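# Summary of structural features
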Amino acid sequence: MTETGHNLPFRVDVFTLFPELVDSYCGASILGRARDKGLLSVATHNIRDHATDVHRSVDDAPFGGGAGMVMMPGPIFSAVEAVPEAHRPLILLSPAGTTFSQSLAQELASGPGFSVLCGRYEGVDERVVEHLVDQEVSLGDFVLAGGELAALVVIEAVARLRPGVLGNDESSRDESFSSGLLEYPQYTRPAEFRGWGVPEVLRSGDHAKVAEWQRREAIERTQRRRPDLLGDG
Ligand code: SAM
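Because the structure is predicted, anything quoted here is derived from the model rather than measured. Each chain has its residues counted from 1, following the order in which its sequence is written. Side-chain atom pairs in this predicted model are given and counted only at pLDDT of 80 or more, local residue features only at pLDDT of at least 70, and totals for whole chains, interfaces and linings cover all residues. No hydrogens and no water enter the side-chain calculation; it runs on all heavy atoms of the structure.

### Points about the packing of aromatic side chains
A pair of Phe, Tyr and Trp rings is counted when the ring centres sit within 6.5 Å of each other, with Trp represented by its six-membered ring. The angle between the planes then sorts it: under 30 degrees is stacked, over 60 is edge-to-face, the rest tilted. Using the criterion set out here, one finds two aromatic pairs in the structure. When the centroid spacing of 6.1 Å and the interplanar angle of 45° are considered together, the rings of Phe193 and Trp196 count as tilted. Burial classes: relative accessible area under 20% of the type maximum marks a residue as buried, over 50% as exposed, and values in between as partly exposed (1.4 Å probe, protein chains only). With relative accessibility at 58%, the residue Trp196 sits in the exposed group.

### Some thoughts on the nonpolar core
In this text, buried Ala, Val, Leu, Ile, Met, Phe, Trp, Tyr and Cys residues form a nonpolar core when linked through side-chain atoms within 4.5 Å. Core analysis: the biggest nonpolar cluster contains 30 residues, and Val12, Val14, Leu40, Val42, Phe114 and Val158 have the highest contact counts within it. What counts as a helix is a DSSP run of H or I of at least four residues, what counts as a strand is a run of E of at least two, and both are numbered from the N terminus. Elements supplying a minimum of two residues to this core: strand 2 (10–16), helix 1 (19–26), helix 2 (29–36), strand 3 (40–46), strand 6 (90–99), helix 4 (102–109), strand 7 (113–118) and helix 6 (147–159). Look past the residues within four positions of Val14 in its chain and what remains in contact with it is Val22, Val42, Ala43, Thr44, His45, Val116, Cys118 and Ile155. Judged by nonpolar contacts, the second largest core, of 20 residues, contains Ile47, Met71, Ala79 and Leu132. Note on contacts: a residue pair qualifies if any of its non-hydrogen atoms lie within 4.5 Å across the two residues.

### Points about the packing of helix 4 against helix 6
Geometry of a packed helix pair, given as the angle between the helix axes and the separation of the axes. Between N-to-C directions, angles span 0 to 180 degrees; the directions come from axes that are lines fitted to C-alpha atoms, helices contributing only their stretch in contact. Where helix 4 contacts helix 6, the axes come no closer than 8 Å and their chain directions differ by 65°. Judged by the angle between their axes, helix 4 and helix 6 are roughly perpendicular. Considering only the axes of helix 4 and helix 6, their crossing is right-handed. Residues Ala105, Leu108 and Ala109 of helix 4 form the contact with helix 6, whose own contacting residues are Val154, Ala157 and Val158. Angle categories are assigned with fixed cut-offs, so that under 35 degrees is roughly parallel, over 145 is roughly antiparallel, 65 to 115 is roughly perpendicular, and the rest are oblique. A crossing counts as left-handed when the near helix is turned anticlockwise from the far one by less than a right angle, and as right-handed when that turn is clockwise.

### Focus on the domain arrangement of the chain
Think of interface size as the accessible area that goes away when the parts come together; that is how it is often given. Start and end positions for the domains come from either an automated domain assignment or a database one. Partitioning the chain into domains gives domain 1 (9–159) and domain 2 (174–230). Each of domain 1 and domain 2 was reduced to a C-alpha centroid, and the two centroids are 37 Å apart.

### Details of a nonpolar patch on the surface
Residues Phe142, Leu144 and Leu149 make up a contiguous nonpolar surface patch of about 290 Å² in total accessible area. Of note, Leu144 is situated in the loop between strand 8 (135–138) and helix 6. Patches here are clusters of residues that have more than 30% relative accessible area and form no salt bridge, with a 9 Å joining cutoff for like charges and a 5 Å cutoff for nonpolar side chains (Val, Leu, Ile, Met, Phe, Trp, Tyr). The accessible surface values rely on the Shrake-Rupley method and a 1.4 Å probe; as for residues, cover is taken only from the protein chains in view. Think of a salt bridge as a Lys or Arg side-chain nitrogen and an Asp or Glu carboxyl oxygen that are within 4 Å of each other.

### A few points about the site of the ligand
In the region of the ligand, 19 residues are neighbours, and Leu93, Gly119, Leu139, Phe142 and Leu144 sit closest. Take Ser94: an N or O atom from its main chain is 3.4 Å from a nitrogen atom of the ligand. Within the complex, the protein chains bury 81% of what would otherwise be the 590 Å² of accessible surface of the ligand. Broken down by secondary-structure element, the contributors of at least two residues to the shell around the ligand are strand 6, strand 8 and helix 6. Here the element with the most residues in the shell around the ligand is strand 6; it accounts for three residues. Split into classes, the residues belonging to the shell around the ligand amount to 10 nonpolar, seven polar and two charged. Residues are labelled near a given molecule or strand when at least one of their non-hydrogen atoms is within 4 Å of it. Any N or O atom pair separated by 3.5 Å or less is treated as a polar contact, with the protein-specific requirement of one donor-capable and one acceptor-capable atom, and with residues adjacent in sequence counted only for side-chain atom pairs. Three residue categories are used. Nonpolar comprises Ala, Val, Leu, Ile, Met, Phe, Trp, Tyr, Cys and Pro, charged comprises Asp, Glu, Lys and Arg, and polar comprises the others, including Gly.

### Description of the pairing of strand 7
Counted residue by residue, strand 7 has six buried out of six residues, so it is predominantly covered. The pairing of strand 2 with strand 7 spans five bridges and is classified as parallel. Paired with Val12 across the bridge in strand 7 is Phe114. Paired strands, as defined in this entry, are two strands with at least two bridges between them according to DSSP. Of the strand pairs in this sheet, strand 6 and strand 7 are connected by four bridges, and their pairing is parallel. Bridge pairing in strand 7 places Leu93 opposite Cys118.

This is how it looks when you write it as structure tokens:
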């Protein structure tokens, strides 16, 4: 097991065949800073450490035939059971899962932590789904080579909602999906770039007018691009 944080209030345990992929991403940028500040712990556990044969096998051919290999239940159950302190829910990343969303990120961020199981090859033996994991989560209707990238997406989306992880907690409260709307357009300096200006109201200093403009733009943009979010889809 590689531990990338200590005594931290929000704990994520990742069960994977590629802990180094997860450790590397979680050690940098926002997640790395959250860990350094003592706000987040991401502990990775190598499923292969729980293989029982000399070849350290974690996969085998599917019963009934078919292409590819399937991750065996034994090493996965042992890896998870070796960390009883890992928080639930245990989420399996899977194209067959419920599509990940900001509301699920918010739900997970409101607890003490959670755990993720990353599939590889053709996925995991169905008994893992039926008797070990609590929930299956998908990133969308496409197939990745493994669950690690998907796990990192979930971890980052959740961690940035935890108090203190972003420099300014307002930035996660105000952005796309948190209010059921896409975010309004943003501008920064210079006020004029290649002849393209910035909406005058944003430079007016009138906070009420700015807020009204932002709300109007958010609604208009959501209606145009994602009417389904407004129930108009
Ligand atoms: N045979 C599986 C199928 O057809 O549904 C695909 C397995 S995929 C090659 C290997 C692993 O990548 C999966 O077990 C899962 O952990 C992960 N994965 C692939 N696509 C994903 C997605 N859209 N969302 C979440 N995880 C995904």
